[in-house]
Amino acid sequence: MPSPDAEARRAWIATLAKAPPARLAELMPELPPHDVLRSPEIGAVMVRGRTGGTGAAFNLGEMTVTRCSVQLPAGPVGHAWVQGRDKAHARRAAVIDALMQTEAAPALSARILAPLRTEAEARRAARAAKAAGTKVEFFTMVRGEDK
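Residues numbered from 1 in each chain as written. Predicted model: local features only at pLDDT ≥ 70, side-chain atom pairs only at ≥ 80, totals over all residues. Heavy atoms only, no water.

(A) A look at the overall build of the protein chain. Within the protein chain, the regular secondary structure consists of four helices and three strands. When its helices and strands are written in sequence order, the protein chain yields α-α-β-β-β-α-α. For the protein chain, whose C-alpha radius of gyration is 21 Å, the value lies well above the compact-globule estimate of 15 Å for 147 residues. By its C-alpha atoms, the protein chain is 80 × 35 × 30 Å across when sized along the principal axes. (Helix = DSSP H or I, 4+ residues; strand = E, 2+ residues; numbered from the N terminus. Rg over C-alpha atoms; globule rule 2.2 N^0.38 Å.)

(B) Region of interest: empty space enclosed by the protein. The final tally for this structure, using the stated rule, is one cavity of 30 Å³ or more. By volume, the largest cavity is sized at about 40 Å³. Around the largest cavity, the lining residues are Ile13, Leu16, Ala17, His79, Ala80, Trp81 and Ala93. Those elements that provide at least two residues to the lining of the largest cavity are α1 (6-18) and β3 (77-83). Classifying every residue of the lining of the largest cavity by side-chain character gives six nonpolar, one polar and no charged. (1 Å grid on protein atoms, 1.4 Å probe; cavity = no way out; pocket = protein on both sides within 12 Å on 5 of 7 lines; lining within 4 Å. Points joined across faces, edges and corners; volume = space filled by probe spheres on them. Nonpolar A, V, L, I, M, F, W, Y, C, P; charged D, E, K, R; others polar.)

(C) Seen up close, the pattern of salt bridges. The final tally for this structure, using the stated rule, is seven salt bridges. Two residues, glutamate 121 and arginine 124, come together in a salt bridge whose shortest N-O distance is 3.1 Å. Note that glutamate 121 and arginine 124 are positioned in helix α4 (residues 105-132) at a spacing of three residues, about one turn of the helix. One network of salt bridges, in which partners are shared, links Arg23, Glu26 and Glu119. (Salt bridge = Lys/Arg side-chain N within 4 Å of Asp/Glu carboxyl O.)

Laid out in structure tokens, this is it:
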């Protein structure tokens, strides 16, 4: 199978990393045979931000992450970086990344990634609705001498 588009791979890795670990385990309870290239390791990364989203970059702080790399017997290598200290989540995400580089990709996408994306969008919409409920509209009245 040809190597996946970099943008598509970036999207599914992000989906797997942001997925709730219990939900990912529910969608793929059994992992196929694989070799662990880099066993799950817990570490920290520096999170950077930008003032106003476009200004100068600054260090926001550190975040705990767990990373893992695996290889399937057929050859594809999968990598994962997940927030927190969940080693099983990192390993499962790495195995799915490797599987997404095989002929199983369409089936996995429909069975695992599509539900995760739908659920993530529902969570985003719920947060946006909650935030919209706190929105305050300001208005000013024009007085006679302001004309």
